[in-house]
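# Structural characterization, general
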Amino acid sequence: MKPSIINSREILSFHKANHQLFKLINDATKIKQRINQLFHQKEFKYKNFLNTRSGLHLLDLVSSRMVNDTTLSAAASKMLHQTIDSELKEVLCEFQSRLDETKRISFRNEGPQLRLLRLTMDRQRLVYYAVAKKNPKFQRYMKLLLSIPGVGPDNAAKILAEIADISYFPIQKHLMK
């Protein structure tokens, strides 16, 4: 019989936080997909809005029927500290006019949910930053995993959360299994 491995509380909490982070990432992805589907249906071409805070604020304005040249310009300069070009204003006004009340209500709920999920994800990421700060071995493994093309901090942390301690695997084949 193989012996069981009992991890430290730190590793267990890291593992739990990492699983929670990936659930949040999946939830955020679902929201983005719903918003992108609406963009596609309404032929909205500025899809990179979902990747910026300023874009989410502008989309909040659209969903609350506040978009016109005056309110958009004022909100952009106040909230975003930037000006908005006339083409974008036109596209936002056009998109707003294409939304029916049902889509507007669901759209109004999606933006704040996405922002809240992003905030929660950032807090969850602090767990592996704290683990890395205390644990030089973890830092070394993170740096090694981050050197692999296509592996970012979240995926590197997920790999480490699942492995717990690489020394449990005496040969590469065991780790690969």
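Placed above this text is the structure.
Quick look at the structure, then. (Residues numbered from 1 in each chain as written. Predicted model: local features only at pLDDT ≥ 70, side-chain atom pairs only at ≥ 80, totals over all residues. Heavy atoms only, no water.)

### Description of the side chain of Glu110
Looking at where Glu110 falls in the secondary structure, it is placed in helix 5 (residues 101-134). Of the residues examined, Glu110 reaches a relative accessible area of 11% and is grouped as buried. Setting aside chain neighbours within four positions, we find Glu110 in contact with Ile31, Arg34 and Ile35. (Helix = DSSP H or I, 4+ residues; strand = E, 2+ residues; numbered from the N terminus. Buried < 20%, exposed > 50% of the residue type's maximum accessible area, 1.4 Å probe, protein only. Contact = heavy atoms within 4.5 Å.)

### Here we look at the pattern of salt bridges
For side chains of opposite charge, pairing can occur when their charged atoms come near one another. Inspection of the entire model under this criterion finds three salt bridges. As a salt-bridge pair, Arg125 and Asp122 come within 3.2 Å of each other at their nearest N and O atoms. You can see Arg125 and its partner Asp122 sitting in helix 5, three residues apart, about one turn around the helix. For Arg125, a relative accessible area of 17% translates into the label buried. We classify Asp122 as partly exposed; its relative accessible area is 37%. Close ionic contact of Asp154 with Arg125 constitutes a salt bridge, the shortest N to O distance being 2.8 Å. With Asp154 in helix 7 (residues 153-163) and Arg125 in helix 5, the pair connects residues that are 29 residues apart, well separated along the chain. On the accessibility criterion, Asp154 (16% relative accessible area) is buried. One continuous salt-bridge network, built from bridges that share partners, spans Asp122, Arg125 and Asp154. (Salt bridge = Lys/Arg side-chain N within 4 Å of Asp/Glu carboxyl O.)

### Describing the packing of aromatic side chains
For the structure on display, the rule yields one aromatic pair. For the ring pair Phe14 and Phe138, a centre distance of 5.1 Å and an interplane angle of 85° mean the geometry is edge-to-face. In this pair, Phe14 sits in helix 1 (residues 9-41) while Phe138 sits in helix 6 (residues 136-146), placing the two residues 124 residues apart along the sequence. By relative accessible area, which is 1% here, Phe14 ends up buried. Its end group placed over the ring of Tyr141, Arg140 keeps NZ or CZ at 5.5 Å from the ring centre. The ring of Phe22 carries the charged tip of Lys158 above its face, separated from the ring centre by 4.8 Å. (Phe/Tyr/Trp six-rings, centres within 6.5 Å; stacked < 30°, edge-to-face > 60°. Lys NZ or Arg CZ within 6 Å of the ring centre and 35° of its normal.)

### Section: the nonpolar core
Judged by nonpolar contacts, the single largest core of 35 residues is most densely connected at Phe14, Phe107 and Phe138. Looking at which element gives the most residues to this core, the answer is helix 1, with ten residues. Not counting the four nearest positions on each side in its chain, Phe138 is found in contact with Phe14, Tyr128, Val131, Ala132 and Leu160. (Core = buried A, V, L, I, M, F, W, Y, C linked by side-chain atoms within 4.5 Å.)

The values are spatial; any link to function lies outside them.
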